[in-house]
Amino acid sequence: MKDIIKKLNDKLESQFYYNHDVGKLTWFRTGGKSKLFIIVEDKNELEIILNELSIIKFYIIGSGSNILIRDKGFEGGILKLGKEFNKIKIHNNSLQVGASLYDMQLSNFAMKNRLQGFEFYSGIPGTIGGAVKMNAGCYGNETKDILNKVEIINIKGEKKIISKDKLKLDYRKSNIKPDQIITSVDFKFKYGNIEQIKEKINFIKKHRNDTQPITEKTSGSTFKNPKNKFAAKLIEEAGCKGMMNGNASISKKHANFIINNGNATATEIEKLGNEVVEKVYKKFSVLLDWEIKIIGDKN
């Protein structure tokens, strides 16, 4: 396997790293290493890498938000899409966006070009590929509201275009499989009033600053909202606000955020989250579902 990777490293522009400390790339800034970490140059090289290394288990990351790498690490390859995947352009009546573009970058581009409907992305951490996969949304809007189609490459290096109606987008989920990598996204749009667009973005940013611990080492919302309920309200009413496990704590500002207070381990963060799940279930008979993706082997 190392011979194949060396051969790829010699002939491709993509960057290959062994036993890479990917935990430090996440917003939690903690967790283990991956056996292989690859920053992929472009679609052509992604196809080559997937074909040549088809026996390796892969996981794709974007900005490192909404993810926790267990302390024992990941016995596979972590892929990160590089700069060639963050292009954006208006083409006829659609907006074509690379999967590694940050959600906030898309929101800013849309504002500057008077494109309405993308304001909510200013309140979502992460990249567009992840936003589509989990149908990310906030403040009354979701990704599915503006999506046309996506381009994906599967683990065999096969490309495919999938229209929105076949993705089965629902609350924080889609039917995009773990072995499918989103490479680009096609959005619909309409032109709007730039002052109204700016006003909505400013409202979202202020509300986030006022209500969420965005300056802390956190990873966004920890749990999905159960149907017709708010996870933060359940967590707070179950007496979990401020609860700690080692150096991990439940935010006192917003109960659906776990904070790394300095040098918390991934194990402490995961255990704290599971304690919250137990307490909420015991009080309300509601089972919280993690929104944060936890990958790697358990200790």
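Quick caveat: nothing in here was measured; it's all calculated off a predicted structure.

A.B. asks: Report on the overall build of the protein, specifying residues and quantitative values.
C.D. replies: The secondary structure content of the protein amounts to seven helices and 18 strands. Across its three principal axes, the protein shows a C-alpha extent of roughly 55 × 50 × 30 Å. Across the 299 residues of the protein, 49% fall into the buried class. Within the protein, contacts between residues separated by at least 24 positions form 64% of all contacts whose residues are at least 6 apart in sequence.

A.B. asks: Talk me through the nonpolar core; I want residue IDs and the actual numbers.
C.D. replies: In terms of nonpolar packing, the biggest core is built from 47 residues, with Phe118, Tyr121 and Phe187 touching the most fellow members. Residue contacts for tyrosine 121: discarding those within four places in its chain leaves Asp103, Met104, Leu106, Ser107, Ile128, Ala131, Thr143, Ile146 and Phe187. If you look at the next biggest cluster of nonpolar residues, it comprises 25 residues, including Ala232, Leu234, Ala238 and Ala264.

A.B. asks: Account for the sheet that holds strand S6 (residues 88–91), with residues named and values stated.
C.D. replies: Pairing within the open sheet is antiparallel, and its five strands lie in the order S6-S7-S13-S11-S12. Strands with a single pairing partner mark the edges of an open sheet, and in this sheet they are S6 and strand S12 (159–163). Direction aside, the axes of adjacent strands within the sheet are offset by 20° on average.

A.B. asks: Before we move on, could you go through the environment of asparagine 209 and cite the residues and values that matter?
C.D. replies: Note on placement: asparagine 209 falls in helix H5 (residues 194–211). By relative accessible area, which is 42% here, asparagine 209 ends up partly exposed. Along the sequence, asparagine 209 and phenylalanine 187 sit 22 residues apart, while their C-alpha atoms lie 28 Å from each other. Excluding residues that lie within four positions of it along the chain, asparagine 209 makes contacts with Ile214 and Lys253.

A.B. asks: Outline the packing of aromatic side chains, supporting the account with residue identities and numerical values.
C.D. replies: The final tally for this structure, using the stated rule, is seven aromatic pairs. Feature note: the residues Phe118, Phe120, Tyr121 and Phe187 constitute an aromatic cluster, connected by ring pairs. The ring of phenylalanine 284 is capped by lysine 283, whose NZ or CZ atom sits 5.7 Å from the centre of that ring.

A.B. asks: So what's going on with the side chain of serine 251? Which residues, and what values?
C.D. replies: For serine 251, the position within the fold is in the loop between strand S16 (248–250) and strand S17 (258–260). Excluding anything up to four places from it in sequence, serine 251 contacts Pro213, Lys241, Gly242, Phe257 and Ile259.

A.B. asks: Mind laying out the sheet that holds strand S2 (residues 34–40), listing which residues take part and the relevant values?
C.D. replies: With respect to topology, four strands assemble into an open sheet ordered S1-S2-S5-S3, the strand pairing being mixed. A strand with exactly one partner marks an edge of an open sheet, and here the two such strands are strand S1 (15–20) and strand S3 (58–61). Averaged over all pairs of adjacent strands, the angle between strand axes in this sheet comes to 25°, irrespective of strand direction. Bridge count between S3 and strand S5 (residues 74–81): four bridges; the pairing is parallel. From the neighbouring strand, isoleucine 60 faces S5, where its bridge partner is leucine 79.

A.B. asks: So what's going on with the environment of leucine 169? Residues and values would help.
C.D. replies: Of note, leucine 169 is situated in the loop between S12 and strand S13 (180–188). In this structure leucine 169 comes out as buried when scored by relative accessible area, which is 12%. Residues leucine 169 and alanine 248, spaced 79 residues apart in sequence, show a C-alpha to C-alpha distance of 32 Å. Apart from residues lying up to four places away in sequence, leucine 169 is in contact with Val132, Asn135, Lys144, Leu147, Lys164 and Ser174.

A.B. asks: Run through the pattern of salt bridges, naming residues and quoting values.
C.D. replies: According to the stated counting rule, one finds 12 salt bridges in the structure shown. Among the salt bridges present, the one from lysine 6 reaches aspartate 10, with a minimum N-O distance of 3.2 Å. Here the residue lysine 6 and the residue aspartate 10 both occupy positions in helix H1 (residues 2–11), the gap between them amounting to four residues, near one helical turn. Overall, lysine 6 belongs to the exposed group, its relative accessible area being 52%. Aspartate 10 gets classed as exposed once you look at its relative accessible area, which sits at 57%. A cluster of three or more residues bridged by salt bridges with shared partners is formed by Glu142, Lys144 and Arg172.

Analysis parameters
Residues numbered from 1 in each chain as written. Predicted model: local features only at pLDDT ≥ 70, side-chain atom pairs only at ≥ 80, totals over all residues. Heavy atoms only, no water. Helix = DSSP H or I, 4+ residues; strand = E, 2+ residues; numbered from the N terminus. Buried < 20%, exposed > 50% of the residue type's maximum accessible area, 1.4 Å probe, protein only. Contact = heavy atoms within 4.5 Å. Core = buried A, V, L, I, M, F, W, Y, C linked by side-chain atoms within 4.5 Å. Pairing = 2+ DSSP bridges. Axes fitted to C-alpha atoms, helices over the stretch in contact; angles between N-to-C directions. Phe/Tyr/Trp six-rings, centres within 6.5 Å; stacked < 30°, edge-to-face > 60°. Lys NZ or Arg CZ within 6 Å of the ring centre and 35° of its normal. Salt bridge = Lys/Arg side-chain N within 4 Å of Asp/Glu carboxyl O.

All we've got here are geometric facts, nothing functional implied.
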